Amino acid sequence: MLDIELEVIERAQKLLKEFGYDGWLIVTRENEDVHSRYVLGIRVYSTHAIIVPKEGDVMVLITRMEGAMLRDRGFDVEEYSSGKTFIEKLKEKVSDLGENPKIVINYVENSILAGKGGFDKMPVGIFTSLKTILQNVSLESAAPFLEKLRSIKTPKEIKKIEEAVKATIEIFENKIPGFITEGVTEKEVGAKINFEINKVGEPSFATIVASGLNSAYPHHQTSKKKIAKGDIVLIDMGVKLDGYCADITRTYQFGKKGSEKIEQMYEAVYDANKEAIEILKPGIMGMEVDKTAREVLKKHGFDPDKFFIHGLGHPLGIETHDVGAMLSTEANPYAKIPIPVGSVLTVEPGLYIEGVGGIRLEDDIVVTPEKCRPLSYSPRELIHL
Ligand SMILES: [Mn+2]
């Protein structure tokens, strides 16, 4: 167990007590629930259960194949050999939490309407199994508890994200310019970027390399298209370090000459990014920050309703799209809560014009008691590679 996991466990236990829960139960497999790694610090793949009691040691019920690895990390490990023994041992361990314990599990009621997708990690099959196995246990949604646990980052978590951002910038500045050559495909550039990412960590998400007209799609799927002179090259990627994500987008142009339109778009997006970061401070609502960015784009002559087709930013943490206060329009309930100190957010205005291309500049920031501290800074001018 590293300090960062110990801190997560301590905070989780404190919150369980505050909420009046007896424990937090994670049951997952194949690394499907991000909270398993959040607590254990490593990925495990066999079906396993993690019990975080409101006090005392964390218990992991797992196969022999992966048990030793967790025992080495200091966890209390119980091994099982079949579905039947898993069920017997889970029942027994849960009964240690008391009579008719109140336990939270990682699912969300009315998941689509609730807008809390980040917590909805339990497959329906496991959910129905638990309902049958744990008859005298009250199983509740962990969403309110997890929201508190994950949306505010501790100094150790912030430091980890800061390191991930540094590693990402290093690749943007020192590696990527050399990767963009005439005729290279988006996929080849993506593979080279991923090689650099994997040397220090792993990709936070599937790296996006969008060139030419493809850049008009914010989530373009990196393709076999060859990069040609004059193309916009939009790259969205991030290093994940020890489970904590960075997420940065830079937009370049391949070749010396750019069109005036693209230069204007770049300037508008740069100003929107900068002004949004300037007004971002604790207590402000994300919708206000999002609105400011839209107004800047409008001032530059670009209609945000037509050309800025996503929210301004999202929380960043153990998932690229983490949970908590968002920078978005008022349609998003998370854009209407005051942004707390300790939030880590992306700020990523963009302009996407079909038939022309897209520009996005995405930086990562931390909300401090005074205002916000950018962890990355977009280049002032469009860089011609
Ligand atoms: Mn992003």
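Residues numbered from 1 in each chain as written. Predicted model: local features only at pLDDT ≥ 70, side-chain atom pairs only at ≥ 80, totals over all residues.

A. Quick peek at unusual backbone geometry. The phi angle at Asn110 is positive, at roughly 45°, despite the residue not being glycine. Looking at the element boundaries, Asn110 is found in the loop between β5 (102-105) and α5 (111-114). The phi dihedral of Asp242 falls on the positive side, at around 45°, and the residue is not glycine. Assignment of secondary structure puts Asp242 in the loop between β10 (239-241) and β11 (244-245). Overall, the presence of 17 C-beta atoms within 10 Å leaves Asp242 in the partly exposed class. (Helix = DSSP H or I, 4+ residues; strand = E, 2+ residues; numbered from the N terminus. Buried ≥ 20, exposed ≤ 12 C-beta atoms within 10 Å, placed from the backbone.)

B. View of the sheet that holds strand β18 (residues 383-384). Pairing is mixed in the open sheet, where 4 strands are placed in the order β8-β9-β12-β18. Across the chains shown, the open sheet's two edge strands, defined by having one partner strand only, are β8 (208-211) and β18. For strand β12 (residues 248-253) and β18, the ladder comprises 2 bridges, and the chain directions are parallel. By the bridge assignment, Tyr252 is partnered in β18 with Ile383. Here helix α8 (residues 155-174) sits on the sheet and contacts β9 (232-237) and β12; the angle it forms with β12, its principal contact strand, is near 10°. Across the sheet, helix α10 (residues 186-200) is in contact with β8 and β9; its angle to β8 comes to roughly 150°. (Pairing = 2+ DSSP bridges. Contact = placed C-beta atoms within 7 Å. Axes fitted to C-alpha atoms, helices over the stretch in contact; angles between N-to-C directions.)

C. Structural context of the pairing of β5. The sheet contact formed by strand β1 (residues 23-28) and β5 spans 3 bridges and is parallel. Bridging across to β5, Leu25 finds its partner in Ile105. Across 4 bridges, the pairing between β5 and strand β6 (residues 138-141) is parallel. Each residue of the ladder has a partner; that of Ile103, found in β6, is Leu139.

D. Just the packing of helix α11 (residues 260-279) against helix α12 (residues 286-299), in detail. Across the interface, α11 lies against α12 with an axial gap of 8 Å and an inter-helix angle of 150°. Judged by the angle between their axes, α11 and α12 are roughly antiparallel. Crossing hand, α11 versus α12: right-handed. Contact residues: α11 offers Ala268, Asp271, Ala272, Glu275, Ala276 and Ile279, while α12 offers Val289, Thr292, Ala293, Val296 and Leu297. (Parallel < 35°, antiparallel > 145°, perpendicular 65-115°, else oblique. Left-handed = near helix turned anticlockwise from the far one by under 90°.)

E. Spotlight on the domain arrangement of the protein. Taken as a whole, the protein is organised into domain 1 (3-150) and domain 2 (155-384). One C-alpha centre belongs to domain 1, the other to domain 2, and the line joining them spans 34 Å. Counting from both sides, the interface comprises 11 residues of domain 1 and, opposite them, 14 residues of domain 2. For the side of domain 1 that touches domain 2, the secondary-structure elements that each account for two or more residues are α1 (3-19), α2 (34-40) and α7 (143-151). (Domains from an automatic or database assignment.)

F. Broad picture of the environment of Val94. Mapped onto the secondary structure, Val94 falls in helix α4 (residues 83-95). Since 24 C-beta atoms lie within 10 Å of it, Val94 is described here as buried. Taking the C-alpha atoms as reference points, Val94 and Gly23, separated by 71 residues in sequence, lie 8.8 Å from one another. Excluding its chain neighbours within four sequence positions, the residues that come into contact with Val94 are Ile51, Pro101, Leu134 and Val137.

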